[in-house]
Amino acid sequence: MANTGVQTASGARTGEQFLEGLDHSGREIWLRGERITHPLQHPELRAAARSMAKVFDLQHEHADEMLMPSPDDSSLSVNVTHVIPRTREDLVRRRRAFELVATLSGGMMGRTPDYLNVTFACFAGRSDVWTRRGNEQGAANLVAYQAQMRDRDLSTTHALMNPQVDRTKPEAEQAMGQVSLHKVADTEQGIVVRGARMLATLAPFADELLIYPGSDIRPQDGRYALAFAIPIATTGLRFICRDSYSKQRDPYDYPLSSRFDEMDAVVIFDDVEIPRERVFLDGDTVGYSEVITDTGWRGHIMHQAFTRAYVKLCFALGLGHVIANTTGVVRFDHIQEKLGQIWAMCELARSALVAAEAEAKLDAGGVMYPDDRPFIALRGEMPKWLPRANEYIQLIGGGGFMATPSKADLEGPLREQIDLYFQAAGADAERRIRLFRLAWDFLGSELGGRGELYERFYLSDSWRMTALAYNIADKSFPESLVEQFLRD
Ligand SMILES: Cc1cc2nc3c(=O)[nH]c(=O)nc-3n(C[C@H](O)[C@H](O)[C@H](O)COP(=O)(O)OP(=O)(O)OC[C@H]3O[C@@H](n4cnc5c(N)ncnc54)[C@H](O)[C@@H]3O)c2cc1C
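Numbers given for residues are sequential positions, taken from 1 along each chain in its written order. Note on the predicted model: pLDDT of at least 70 is required for a residue's local features to be given, and 80 or more for side-chain atom pairs to be given and counted; whole-chain, interface and lining totals, by contrast, use all residues. Working from all heavy atoms in the structure, the side-chain values ignore hydrogens and water.

Next up on the list: the site of the ligand. Nearness here has a simple test: a residue counts as near a molecule or strand if at least one of its heavy atoms is within 4 Å of that partner. The environment of the ligand is made up of 19 residues, and the closest members are Arg111, Arg167, Leu199, Thr201 and Asp461. Think of a polar contact as two N or O atoms within 3.5 Å of one another; within protein, one of them needs to be a possible hydrogen donor and the other a possible acceptor, and neighboring residues in sequence only count if both atoms come from side chains. Here an oxygen atom of the ligand sits 2.7 Å away from a polar atom, N or O, in the main chain of Leu160. Between the ligand and Gln164, the relevant distance is 2.9 Å, taken from an oxygen atom to a side-chain nitrogen or oxygen of the residue. Here the open area of atoms and residues is found with the Shrake-Rupley method and a 1.4 Å probe, where only the protein chains shown may cover a residue. Protein coverage of the free-state accessible area of the ligand, which is 960 Å², stands at 74%. Each helix is a run of DSSP H or I of at least 4 residues and each strand a run of E of at least 2, with the numbering of both proceeding from the N terminus. Listed by contribution, the elements that provide at least two residues to the shell around the ligand are helix 15 (446–457) and helix 16 (462–472). Of all the elements, helix 15 adds the most residues to the shell around the ligand, at four residues. In terms of residue class, the shell around the ligand is made up of nine nonpolar, four polar and six charged. In this entry, domain limits derive from an automatic or database-based domain assignment. When residues are assigned to domains, the shell around the ligand turns out to be shared by domain 1 (15–291) and domain 2 (296–483), each giving three or more. Each residue is assigned to one class: nonpolar for Ala, Val, Leu, Ile, Met, Phe, Trp, Tyr, Cys and Pro, charged for Asp, Glu, Lys and Arg, and polar for all the others, Gly among them.

This is how it looks when you write it as structure tokens:
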């Protein structure tokens with residue numbers, strides 16, 4: 001068992017401390033056949049590592065808004081996204097921190113550490129749910145782990161889904177039960193697990209991997225019902241990355257791909273031993289479902305997710321708006337209609353966040369729970385809105401996305417002709433090309449395409465989520481409107 005470079009509670013880290021913490025030879029991150037132990041060593045991971053470092057620096061630049069004293073040691077300042085909210089003000093403050101982080105990448109990085117900070121804060125806030133059916137030790141482990149995560153300012157990744165062997169069958173019936181993550185042994189120190197999970201976004205830039213429930217499990221399949229946390233540098237733990245979409249090009253050419261490829265990986269557990277104190281759930285298939293339904297995870301995670309999505313929608317609106325004004329198409333009414341639709345998405349997302357906070361209530365465990373109704377509605381819609389915003393930007397920009405010579409062309413012998421032939425009514429050639437390249441990187445580059453896929457799936461698929469929204473919605477008022485006319 002190896003360990004992470006981040007050993008002691010330091011409170012909120014700087015970017016430099018974050019990068020130092022990733023320095024461990026036990027890390028197994030595989031990218032195109034090469035094992036990478038530190039992302040700064042690899043040209044295709046370096047830029048995103050630096051962007052992540054900026055996320056850590058940001059909390060010091062906005063210390064008033066983003067830091068709070070640790071509840072366990074007031075001499076430590078910790079990130080406010082670890083807060084277990086007790087008041088509406090806690091929710092508002094937390095949202096402001098999400099917004100600052102998302103703004104850094106225009107919402108392109110979805111899995112910055114605040115995502116899992118919120119998840120584990122809500123799990124720890126409802127440790128009573130984890131204690132059920134005799135799991136007091138697992139619950140205590142989880143509470144202790146959340147305090148560590150907060151006070152050591154860990155960067156974490158997670159992987160909830162089992163690989164796509166056969167989605168029609170339960171884990172135990174796919175590939176003889178061997179592929180999905182499962183327990184194979186108990187040891188004196190803990191448990192041994194084997195199998196794989198997808199997708200660990202941020203893995204090369206994470207200190208630790210978190211495993212917690214992502215789907216229901218049959219009562220007879222207890223060995224698949226697991227929740228735990230381990231350092232990335234753990235013997236037998238292996239991450240296989242997709243191709244990098246990072247571009248080692250001037251930011252003029254690829255302003256987003258040159259900075260924000262947060263990477264996705266499949267994680268393989270090759271008989272990995274999880275120390276007992278890092279195990280939160282082991283075998284309780286009922287608990288496996290309940291920690292998702294009863295801890296408030298749904299409302300809390302969507303508070304983070306839709307703040308980021310709101311920022312990304314605003315970025316999309318900004319791109320469409322600036323392009324339309326640059327080429328003059330803003331004067332056409334159907335272009336205004338498309339811009340108006342993106343604006344409406346932004347405004348509805350913002351309203352959902354405000355409504356969820358305004359109607360928040362203390363839950364049974366004394367945690368302030370955002371009203372999840374607007375979020376449940378958005379959970380089905382947002383995965384459709386963001387791809388639709390991309391479509392509108394395409395329709396606004398037309399072929400202009402392809403009239404985009406590179407920085408090297410601008411610096412070459414054709415500059416005078418480029419200045420003449422690539423100008424727009426609202427911008428000189430250099431600015432017009434830069435703008436269209438930015439928008440293409442947002443929606444059409446490899447990173448842009450991955451971003452669209454992410455929006456469609458990162459919170460499961462939108463079709464099932466819309467169906468779920470209908471199934472769990474309170475339909476009593478709509479029903480009563482009908483029933484009043486079905487009586488005498
Ligand atoms: C870019 C990206 C990053 C991600 N990052 C993370 C991460 O960091 N951590 C993490 O845990 N997960 C992550 N995910 C995974 C995400 O949780 C899953 O993609 C999502 O849950 C959908 O599962 P799937 O991809 O296995 O698709 P599948 O479940 O295989 O679905 C494929 C298609 O089949 C349909 N389908 C499947 N099963 C059913 C069914 N029972 N009924 C009806 N239709 C069905 C789906 O609607 C969909 O259209 C990421 C995904 C993407 C794309």
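Below, the discussion takes up the confidence of the model for the chain. Confidence in the prediction for the chain averages 96 pLDDT; 99% of positions are at 70 or higher. As a per-residue quantity, pLDDT reports the predictor's confidence and falls between 0 and 100. The contact definition used throughout considers only heavy atoms, calling two residues in contact when any of these lie within 4.5 Å. Across residues 1–5 the pLDDT falls below 50, and counting only partners more than four positions away or on other chains, this stretch makes 20 contacts in the model.

Of the two faces of strand 10 (residues 237–241), only the one carrying Leu237, Phe239 and Cys241 is buried; Arg238 and Ile240 on the other face are not. Relative to strand 10, strand 1 (residues 29–31) is paired through two bridges, and the arrangement is parallel. Across the sheet, Ile29 pairs through a bridge with Phe239, a residue of strand 10. The pairing criterion for strands is at least two bridges between them, as found by DSSP. In this structure, strand 10 lies alongside strand 11 (residues 265–275), joined through five bridges in antiparallel fashion. Directly across from Arg238, in strand 11, lies its bridge partner Ile268. Throughout, exposure labels follow a simple rule: accessible area from a 1.4 Å probe, protein chains only, divided by the maximum for the residue type, with under 20% read as buried, over 50% as exposed, and the rest as partly exposed.

This part is about the sheet that holds strand 11. Spatially, six strands are ordered 2-1-10-11-7-6 in an open sheet, and the strand pairing comes out mixed. Pairing within the sheet leaves two strands with one partner each, and these edge strands are strand 2 (34–36) and strand 6 (182–186). On average, each strand axis in the sheet is tilted by 20° relative to the strand beside it, whichever way the strands run. Note on method: axes are straight lines fitted to C-alpha atoms, helices fitted across the in-contact stretch only, with angles between N-to-C directions ranging 0 to 180 degrees.

Let's shift gears to the domain arrangement of the chain. Partitioning the chain into domains gives domain 1 (15–291) and domain 2 (296–483). Placing the centre of domain 1 and that of domain 2 at their C-alpha centroids yields a distance of 25 Å. Contacts between the two partners involve 47 residues from domain 1, matched on the other side by 42 residues from domain 2. Approximately 4000 Å² of surface area, both sides summed, lies buried where domain 1 meets domain 2, with 60% of it carried by carbon and sulfur atoms. A side-chain nitrogen of Lys or Arg and a carboxyl oxygen of Asp or Glu constitute a salt bridge if their distance falls within 4 Å. For the pair domain 1 and domain 2, the interface holds seven salt bridges. In this structure, Arg437 engages Asp253 in a salt bridge whose closest nitrogen and oxygen atoms are separated by 3.8 Å. Applying the counting rule to domain 1 against domain 2 returns 23 residue pairs in polar contact (both at pLDDT 80 or more). Contributions of two or more residues to the side of domain 1 that touches domain 2 are made by helix 4 (88–105) and helix 5 (114–125). The biggest single contributor to the side of domain 1 that touches domain 2 is helix 4, with nine residues. As used here, buried area is the combined drop in accessible area, with a 1.4 Å probe, of two parts when they are placed together.

This part covers the side chain of Glu171. With respect to the helices, strands and loops of the structure, Glu171 is situated in the loop between strand 5 (156–158) and strand 6. If near-sequence neighbours (up to four positions away) are discounted, Glu171 is found in contact with Asn162, Gly177, Ser180, Ser215, Asp216, Ile217 and Tyr224.

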